Amino acid sequence: MELQRREDQGLSERKGQKRKLEEETKEDHEISVPTGDARRALLAEVTAQVNVLDSAFSWRESDRAAAKRATHVLAELAKNEEVVNVIVEGGAVPALVKHLQAPPCEDGDRSTKPFEHEVEKGSAFALGLLAVKPEHQQLIVDSGALSHLVNILRRHKDNSTRAVNSVIRRAADAITNLAHENSSIKTRVRMEGGIPPLVELLEFTDTKVQRAAAGALRTLAFKNDENKNQIVECNALPTLILMLRSEDAAIHYEAVGVIGNLVHSSPNIKKEVLAAGALQPVIGLLTSCCSESQREAALLLGQFAATDSDCKVHIVQRGAVRPLIEMLHSPDVQLKEMSAFALGRLAQDTHNQAGIAHIGGLLPLLKLLDSKNGSLQHNAAFALYGLADNEDNVSDFIRVGGVQRLQDGEFIVQATKDCVSKTLKRLEEKIHGRVLNHLLYLMRVAEKPVQRLVALALAHLCSLNDQRTIFIDNNGLELLLGLLGSTSPKQQLDGAVALFKLANKAMTLSPMDAAPPSPTPQVYLGEQYVNNATLSDVTFLVEGCYVICLLEALILAMEKHLVMGQKIAFVVIKILSFFSLAGRRFYAHRICLLASSDAFRAMFDGGYREKDARDIAIPNIRWEVFELMMRFIYTGSVDVMLDIAQDLLRAADQYLLEGLKRL
């Protein structure tokens, strides 16, 4: 995640840098892509300016004026990226590099020079614009530009005038563009000695120079460990941390960017940054008026939070959570993404989880699951995964509809889907003890919509052992059935799905040993024991009458919507076996049933809930079919009439009675 964000930031660095190079030039016009005669005319213009530069390398005032005009013309042309290739083709790079240095003068000559620093500034500006295209970066460096640019950075040691400040700034900007996403040039800058003067310039009085130096260091530090180490060794951290507190948004934006690139994938530097006191000013940037600084600060806090648990706690204690949650409501997608990233890291600590939810982080994170941005969606899901680890958050998850959002969400990447599944599993594992008691309390006293949300969630999350307590003793079933009669198709469907889930749970094996192997010899007790209460140790309730309100809701739903009614009817059939209340009694004997089939053997000697039950509901088989099936089990033969054969075959198949199936 961090790597992707830093790579994305690299792209914004390039665009931001080019924008910065252009913004201070008064004339700002675009030139369309040249073709044919227009291209030849442009190439002729470039060649003419190159000839001027080649012939005007002296301190004569006329030469300096001509060279200044030529660099200005080339820079104006280079503002349009579409004509950069033509400028390079016309031989501008060597000519501009030549004018990055002052013309030679006689020893001891201290006289005022015409246009001193002006030509070098124009050349650096033009080369910086040409370097925006990656394919020209190496050509500029191979022409010797770096050593001259680094020497320009050192001019502040001789004097500090407006002209000196301007040329230094242009040189730093040019280095930024040359080194952008080019690891070899980043290394070359360090080898040429460019990092120490850039660090020194962070303390320069001119804020524009500070920004330019920080921008260059930011680029040089990105994914280059040797550069990072040298920047830290040059004692840049104290000044960068002071810059974080600047009221100038451009200053603290560049400073937090440098620190972010320094600590990325560098745990030792991360520790040094924290030890130097960066944490509080970074937290302060969360409320900056500059959204870029807010975004970088949130990302940096997420990186800080990856160090150790103590750091996570310190970040929260120092007031980071509330502004991070406020950022979740921003229209800026990247700002929300970085905020969710930071909260996700903080939420992996037990002490922080309840606090983040209590301050109001839960609902905006759940809403971000609806985002169409994969990274934002995943960051939100990861944060929710952390919050779900705390028992105090479970009720809040459920009462705001979090379980439904997790279940119904359309997630873009597989990693997010896996994260959501793990979050639901975490919630499920916590539905017991005081958490369950609180949810049952809400089902009794909360407003009806909350009661229904709790019932819906518990249908999916509760254990088999708690079903009767929740849905019979505490009226959870009544709440779900009420949804079937809702005017909202969504609520009807949610209720039907919850009932279906509940029924499936009730009919599954409990976590006990599986049924033993099938018996070998068949035992028939005889006709006299069919439905005989003598020595009976189990009773089947066949064709039971069921909860009246369930049937009423079914009829109402079917009247309103046929298709929905069919779905609900299927659900009702599934749950009748669990919630039946009474039926016609059929007396049976376990020993006979155990010997008859694997199905009954698993029921009474395996892990099914019927193992110890005295009364067992049989809701889905008619009395006459069930009676014939049992007669076959007791006697080994039965007369099958055509009008009942199909139902009897279905029952025989359900209970694995192979002999009856063949018959």
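Calculation criteria
- Residues numbered from 1 in each chain as written.
- Predicted model: local features only at pLDDT ≥ 70, side-chain atom pairs only at ≥ 80, totals over all residues.
- Heavy atoms only, no water.
- UniProt positions renumbered as here; feature names shortened; annotations may be inferred.
- Helix = DSSP H or I, 4+ residues; strand = E, 2+ residues; numbered from the N terminus.
- Areas by Shrake-Rupley, 256 points an atom, 1.4 Å probe, with all protein chains shown as cover.
- Phe/Tyr/Trp six-rings, centres within 6.5 Å; stacked < 30°, edge-to-face > 60°.
- Buried < 20%, exposed > 50% of the residue type's maximum accessible area, 1.4 Å probe, protein only.
- Core = buried A, V, L, I, M, F, W, Y, C linked by side-chain atoms within 4.5 Å.
- Contact = heavy atoms within 4.5 Å.
- Salt bridge = Lys/Arg side-chain N within 4 Å of Asp/Glu carboxyl O.
- Axes fitted to C-alpha atoms, helices over the stretch in contact; angles between N-to-C directions.
- Parallel < 35°, antiparallel > 145°, perpendicular 65-115°, else oblique.
- Left-handed = near helix turned anticlockwise from the far one by under 90°.
- Nonpolar A, V, L, I, M, F, W, Y, C, P; charged D, E, K, R; others polar.
- Expected span 1.5 Å × (residues − 1).
- Arc of directions from axis to C-beta.

- An unreviewed UniProt entry lists the protein under the name ARM REPEAT PROTEIN INTERACTING WITH ABF2-like isoform X4, with Durio zibethinus given as the organism.
- UniProt, in its Pathway (unreviewed entry) section for the protein, records the words "Protein modification; protein ubiquitination."

1. Quick word on the overall build of the protein
Move 1: In terms of regular secondary structure, the protein is built from 39 helices and three strands.
Move 2: If you sum the accessible surface of the protein, you get close to 29600 Å²; carbon and sulfur atoms cover 51% of it.

2. A closer look at the packing of aromatic side chains
Move 1: Throughout the structure, instances matching the rule amount to seven aromatic pairs.
Move 2: Ring geometry for Phe382 versus Tyr385: centroids 6.5 Å apart, planes at 25°, classification stacked. In this pair, Phe382 and Tyr385 both sit in helix α24 (residues 374-387), three residues apart, roughly one turn of the helix.
Move 3: The partly exposed category is assigned to Phe382, whose relative accessible area is 29%.
Move 4: Geometrically, the ring pair formed by Phe600 and Phe604 is stacked, given 6.4 Å between the ring centres and 5° between the ring planes. Taken together, the positions of Phe600 and Phe604, both in helix α36 (residues 598-605) and four residues apart, correspond to about one turn of that helix.

3. Re the nonpolar core
Move 1: Grouped together as the largest cluster of nonpolar side chains are 161 residues, with contacts concentrated most on Leu130, Phe304 and Leu480.
Move 2: The dominant element in this core, judged by the number of residues it contributes, is helix α9 (residues 162-179), at nine residues.
Move 3: Excluding residues within four positions of it along the chain, Leu130 makes contact with Ala78, Val84, Ile87, Val88, Val93, Leu96, His136 and Ile140.
Move 4: One finds Ala599, Trp623, Val625 and Leu648 within the second-largest nonpolar core, a separate group that totals 33 residues.

4. Notes on the pattern of salt bridges
Move 1: One pass over the full model with this rule turns up 25 salt bridges.
Move 2: A salt bridge links Lys490 to Asp408, with the nearest nitrogen and oxygen atoms 3.3 Å apart. Residue Lys490 is located in helix α32 (residues 489-506), and its partner Asp408 is located in helix α26 (residues 402-408); the two are separated by 82 residues in the primary sequence.
Move 3: Assessed through its relative accessible area of 44%, Asp408 is described here as partly exposed.
Move 4: A salt bridge links Lys661 to Glu658; its shortest N-O distance comes to 3.7 Å. Taken together, the positions of Lys661 and Glu658, both in helix α39 (residues 658-662) and three residues apart, correspond to about one turn of that helix.

5. Let's talk about unusual backbone geometry
Move 1: A positive phi is found at Glu181, a non-glycine position, where the angle reads about 55°.
Move 2: Following the sequence through the fold, Glu181 ends up in the loop between α9 and α10 (183-191).

6. What about the packing of helix α14 (residues 237-244) against helix α15 (residues 249-263)?
Move 1: For the pair α14 and α15, interaxial distance at closest approach is 8 Å and the crossing angle is 135°. With respect to each other, α14 and α15 are oriented oblique. In this structure, α14 crosses over α15, and the sense of that crossing is left-handed. Across from Leu237, Leu240, Ile241, Met243 and Leu244 in α14, the residues of α15 making contact are Ile251, His252, Ala255, Val256, Val258, Ile259 and Leu262.
Move 2: Taken together, the residues of the contact of α14 with α15 break down into eleven nonpolar, one polar and no charged.

7. What to know about helix α2 (residues 36-55)
For an α-helix the count is 3.6 residues per turn, leaving residues at separations of three or four pointing the same way.
Move 1: Taking 1.5 Å per residue, 20 residues should reach 28 Å; α2 reaches 29 Å between its end C-alpha atoms and fits that length.
Move 2: Along α2, the positions that sit buried rather than exposed are Leu42, Val46, Gln49, Val50 and Leu53. Along the axis of α2, the buried positions cluster into a sector of 105°, meaning they face one direction only. In α2, the exposed residues that point more than 90 degrees away from the buried face are Asp37, Arg40 and Ser55.

8. Side note on the environment of Phe341
Move 1: Within the secondary structure, Phe341 is located in helix α21 (residues 333-346).
Move 2: When the C-alpha positions of Phe341 and Phe382 are compared, they lie 8.1 Å apart, and in sequence the two are 41 residues distant.

9. A look at the packing of helix α25 (residues 391-399) against helix α28 (residues 433-445)
Move 1: Where α25 contacts α28, the two axes come as close as 9 Å, and the packing angle between them is 30°. Put simply, α25 runs roughly parallel to α28. α25 and α28 meet at a crossing whose hand is right-handed. Of α28, the residues touching α25 (which contributes Glu391, Asp392, Val394, Ser395, Ile398 and Arg399) are Arg434, Val435, His438, Leu439 and Leu442.
Move 2: Its residues placed into classes, the contact of α25 with α28 shows five nonpolar, two polar and four charged.

10. Quick look at helix α27 (residues 414-429)
Move 1: In this model α27 runs 23 Å from its N-terminal to its C-terminal C-alpha over 16 residues, within 8% of the 22 Å that 1.5 Å per residue would give.
Move 2: Within α27, the full set of buried residues consists of Thr416, Cys419, Val420, Thr423, Leu424, Arg426 and Leu427. Taken down its axis, α27 places every buried residue within 155° of arc, on the same side.
Move 3: Turning to α27, the residues buried within the fold contact α24, α25, α26 and α29 (448-461).

11. Here's the deal with the UniProt feature "repeat: ARM" (unreviewed entry) in the protein
Move 1: Here, the residues flagged by UniProt with the feature "repeat: ARM" (unreviewed entry) are residues 91-145, 144-193, 193-228, 235-277, 319-361 and 360-402.
Move 2: Note that residues 193-228 is 72% helix and 0% strand, and that its end C-alpha atoms are spaced 14 Å apart.

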